[in-house]
Amino acid sequence: MIESLHISFWASLAGWLVAQVIKMVICLAQSHRLDFRYLVSTGGMPSAHSSLVSALATSIVLTEGVSSPLFGISVVLASVVMFDAQTVRAAAGKQARLLNQIVDEL
């Protein structure tokens, strides 16, 4: 069990890191500038939080199986994190539209 937890930890970290590197590569492609701040930034797509919990749940199901209580906990955690990320993105988009409308009216 300890070994599978190590695997899950490293898989989660790798999921987060891949998402952050993808953000950095997208920025490089768009601005032709390498910005290492993306490695520690929050927000944006792909979601590093969602990548982390998805990698966690996937690694647990592969090492422990679907009947494991750890898998159930990881699926609930992943669901909450991804739902929250989606809700925050929707609210931020709505706020941005309203701010743009206010600026246009001024």
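Shown above is the structure to which this text applies.
Reference entry: report on the structure contained in this document. (Residues numbered from 1 in each chain as written. Predicted model: local features only at pLDDT ≥ 70, side-chain atom pairs only at ≥ 80, totals over all residues. Heavy atoms only, no water.)

**A word on the packing of aromatic side chains**
Counted according to the given criterion, the structure contains one aromatic pair. Each ring, one from Phe 9 and one from Trp 10, has its centre 5.0 Å from the other, and the planes form 80 degrees; the classification is edge-to-face. The exposure class of Phe 9 is partly exposed, given its relative accessible area of 47%. For Trp 10, a relative accessible area of 52% gives the class exposed. (Phe/Tyr/Trp six-rings, centres within 6.5 Å; stacked < 30°, edge-to-face > 60°. Buried < 20%, exposed > 50% of the residue type's maximum accessible area, 1.4 Å probe, protein only.)

**Some words on helix 1 (residues 2-31)**
The end-to-end C-alpha separation of helix 1 is 44 Å, in line with the 44 Å expected for 30 residues at 1.5 Å each. By the burial criterion, the buried members of helix 1 are Ser 4, Ser 8, Ser 12, Gly 15, Ala 19, Gln 20, Lys 23, Met 24 and Cys 27. If you follow the buried residues of helix 1, they end up packed against helix 2 (48-64). In the segment just after helix 1, His 32 is the residue with positive phi, at about 55 degrees. (Helix = DSSP H or I, 4+ residues; strand = E, 2+ residues; numbered from the N terminus. Expected span 1.5 Å × (residues − 1). Contact = heavy atoms within 4.5 Å.)

**Considerations on unusual backbone geometry**
The phi angle at His 32 is positive, at roughly 55 degrees, despite the residue not being glycine. Summarising the element assignment, His 32 is placed in the loop between helix 1 and helix 2.

**A look at a nonpolar patch on the surface**
Together, Phe 9, Trp 10 and Leu 13 give the surface a local cluster of nonpolar side chains, amounting to about 330 Å² of exposed area. Along the chain, Phe 9 turns up in helix 1. (Patch = residues over 30% accessible without salt bridge, like charges linked within 9 Å, V, L, I, M, F, W, Y side chains within 5 Å. Areas by Shrake-Rupley, 256 points an atom, 1.4 Å probe, with all protein chains shown as cover. Salt bridge = Lys/Arg side-chain N within 4 Å of Asp/Glu carboxyl O.)

**Quick notes on the side chain of Gln 20**
Mapped onto the elements, Gln 20 comes out in helix 1. Residue classification places Gln 20 among the buried positions, given a relative accessible area of 0%. For Gln 20, the contacting residues outside a window of four places in its chain are Tyr 38, Leu 39, Val 40, Ser 41 and Ala 48.

**Quick notes on the packing of helix 1 against helix 2**
At a minimum axis separation of 8 Å, helix 1 and helix 2 run at an interaxial angle of 150 degrees. Classified by the angle their axes make, helix 1 and helix 2 are roughly antiparallel. In this structure, the crossing between helix 1 and helix 2 has a hand that is right-handed. Facing Ser 4, Ile 7, Ser 8, Ala 11, Ser 12, Gly 15, Trp 16, Ala 19, Gln 20 and Lys 23 of helix 1, the residues of helix 2 in contact are Ala 48, Ser 51, Leu 52, Ala 55, Leu 56, Ser 59, Ile 60, Thr 63 and Glu 64. (Axes fitted to C-alpha atoms, helices over the stretch in contact; angles between N-to-C directions. Parallel < 35°, antiparallel > 145°, perpendicular 65-115°, else oblique. Left-handed = near helix turned anticlockwise from the far one by under 90°.)

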